[in-house]
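In case you want the letters, here they are:
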Amino acid sequence: MMKLLRKTAIYIIAGVMMLLMATTARAQTDPQFSQYYAVPTFYNPAAVGRTDFLNIRGGGRMQWVGIDHAPVSFVLAADMPFKFIGKRFGTGLVMSQESIGLYKTLTLNAQIAFKLKKWGGEFTFAFQPGMYDQAFRGSDVKLPDDDDYHQGTDDAIPTQDLHGTAFDIGAGVWYEHRHWWAGLSCTHITSPSVTLNSDGGGAGDTGAGQHLYEFQAGRTVYFMAGGNIPLKNTLFEVMPSVLVKSDFTFTTAEINARARYRKFLSFGVGYRWNDAVTATVAAEIKNFYIGYSYDYPVSAIAKASSGSHEIMVGYRLKLNLGEKNKNRHKSIRLM
C-alpha cells in the first residue's frame, strides 16, 4: 500500500512539473501545516467560497520541538461566497506569520475568485494581491573575535534590526465535484524582492560605507487534491488528500488518509516524503471545529527533536445567498 501511495505522489509531482516551469529558483518560504486541508485558502486562493458559509479558521504550529529557534507558525484565514450580477463569486483574507531563528515573515493577502459551473462541478479562478513582510533581528547577532572564521566587524552581516515590505501576487484554479476536489496554485508569482532597512533607514542606503540587504521570496507551486467518500450502509466517510509543493529547487509531497464519523469526529494518519509521519484527530461540534496533529520525524532530525505539534480551530456561519423576498406573498388576512 505504501509503495502504491509513493508512486502516486511521484506521478503527481511529475505532472505538476510538466505543467509549470519556473524562470528562477528560490528557497521555499511558505510555512508548513500538516492540516493543510483545514486551511486550503492559505495554499490556494481559489478555494474561497466553496460552501454557503462564512468560514473562519486559524491555528498555530510548533515545529521540531526541542531545537532552539525552530519554526513557529501561525495562520488565520476567512472566506465566504457572494453573488453579483447573478454570478457566484468568492472572497477571502489570509494572514500568516512564521519565525525561524532571527527571521520573521508576515504575509497578508486578499482573495477574489470567480466561479463557473462545468461538467457537473464548479471551477473557481482566483487572484490574490497582498504584501510580503520580512524582518531580521540583527541586534541578537553575536560575532566572535577570537577565531579564524569570523570577524566581529564584518559589515556583510547586519547587527541591527532590519525590516522590509514588498507587494506580492498569487493565483489559483480549483475544481469542486460532489465527492472530490483538486486545485493548482502559485504563490509569490513575481518572486518579490524585499529590501531590508534598519529602523532609521540606514541599512537600505547605498552610500559610502552602507550595505544593501535583500531577501527574495521563493515562487512556489502547490497541487492539492482530495475526496469525501461516504461508506455505504455506515456512518463513516473516507477523506483522502494529497499536497505537492515545489519551488523548482526543492519538491516534496504528503498524503493523508482520514475517516469521519457522523460528520462529527475525524481521525487519520499521513506521511510527508522523507520528513515525518503525522497523526490527526478533529471534532466538529455544530459550527465549531478543532483539530490537533502530531508529526513524528523520520529523518535524522529525530535525534534532536521529539516532533511537531499543531492545532487548528474554526467557526462557520450560514449565509443566505438566495434572492431577496423570492417567496414573498400577501397574507390571506389582507386578501
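Let us look at the structure shown here. Just so it is clear, the structure is predicted and the values come from calculations on it, not from any experiment.

## A closer look at the overall build of the chain
Here is step 1 of the chain: The helix and strand inventory of the chain stands at 2 helices and 17 strands.
Here is step 2 of the chain: Counting only contacts in the chain whose residues sit at least 6 apart along the sequence, the fraction spanning at least 24 positions is 56%.
Here is step 3 of the chain: Counting only carbon and sulfur atoms, one obtains 62% of the accessible surface of the chain, whose full area is about 18900 Å².

## Structural notes on the nonpolar core
Here is step 1 of the chain: Core analysis: the largest hydrophobic core is formed by 23 residues, its most contacted members being Phe42, Tyr43 and Met224.
Here is step 2 of the chain: Put simply, the parts of the chain that give this core at least two residues each are α2 (40–43), β2 (72–84) and β10 (220–227).
Here is step 3 of the chain: Those residues in contact with Phe42 that lie beyond four places of it in its chain are Pro31, Phe33, Val75, Val94 and Ser96.
Here is step 4 of the chain: Among the nonpolar cores identified, the runner-up in size contains 11 residues, and Val242, Val244, Ala253 and Tyr271 belong to it.

## Regarding unusual backbone geometry
Here is step 1 of the chain: Positive phi, close to 65 degrees, is recorded for Asn233, a residue that is not glycine.
Here is step 2 of the chain: Checked against the element boundaries, Asn233 lands in the loop between β11 (229–230) and β12 (236–246).
Here is step 3 of the chain: One non-glycine residue, Lys263, lies in the positive phi region at around 55 degrees.
Here is step 4 of the chain: Looking at the secondary structure, you find Lys263 in the loop between β13 (251–261) and β14 (265–272).
Here is step 5 of the chain: Judged by its relative accessible area of 53%, Lys263 is exposed.

## Quick look at the pairing of β14
Here is step 1 of the chain: By the bridge criterion, 8 bridges tie β13 to β14 in an arrangement that is antiparallel. Bridge pairing in β14 places Arg260 opposite Ser266.
Here is step 2 of the chain: Connecting β13 to the next strand, β14, in antiparallel fashion are 3 residues, including Arg262 with a positive phi near 55 degrees.
Here is step 3 of the chain: One ladder, built from 8 bridges, connects β14 with strand β15 (residues 276–285); its direction is antiparallel. Bridge assignment links Leu265 to a residue of β15, and that residue is Ala283.
Here is step 4 of the chain: Linking β14 back to β15 in an antiparallel pair, the connection comprises 3 residues, with Asn274 at a positive phi of about 55 degrees.

## Some remarks on empty space enclosed by the protein
Here is step 1 of the chain: Taken as a whole, this structure holds 3 cavities of 30 Å³ or more when the rule is applied.
Here is step 2 of the chain: Here the largest cavity defines a volume of roughly 130 Å³.
Here is step 3 of the chain: If you go around the largest cavity, you meet 15 residues; those closest to its centre are Asp30, Phe42, Thr107, Asn109 and His188.
Here is step 4 of the chain: Within the residue set of the lining of the largest cavity, elements represented by two or more residues are β3 (87–100), β4 (103–118) and β5 (121–137).
Here is step 5 of the chain: Taken together, the residues that form the lining of the largest cavity break down as 4 nonpolar, 8 polar and 3 charged.
Here is step 6 of the chain: When its volume is computed, the second largest cavity comes out at roughly 50 Å³.
Here is step 7 of the chain: Within the residue set of the lining of the second largest cavity, elements represented by two or more residues are β1 (53–65), β16 (288–297) and β17 (307–318).

Calculation notes
Residues numbered from 1 in each chain as written. Predicted model: local features only at pLDDT ≥ 70, side-chain atom pairs only at ≥ 80, totals over all residues. Heavy atoms only, no water. Helix = DSSP H or I, 4+ residues; strand = E, 2+ residues; numbered from the N terminus. Contact = heavy atoms within 4.5 Å. Areas by Shrake-Rupley, 256 points an atom, 1.4 Å probe, with all protein chains shown as cover. Core = buried A, V, L, I, M, F, W, Y, C linked by side-chain atoms within 4.5 Å. Buried < 20%, exposed > 50% of the residue type's maximum accessible area, 1.4 Å probe, protein only. Pairing = 2+ DSSP bridges. 1 Å grid on protein atoms, 1.4 Å probe; cavity = no way out; pocket = protein on both sides within 12 Å on 5 of 7 lines; lining within 4 Å. Points joined across faces, edges and corners; volume = space filled by probe spheres on them. Nonpolar A, V, L, I, M, F, W, Y, C, P; charged D, E, K, R; others polar.

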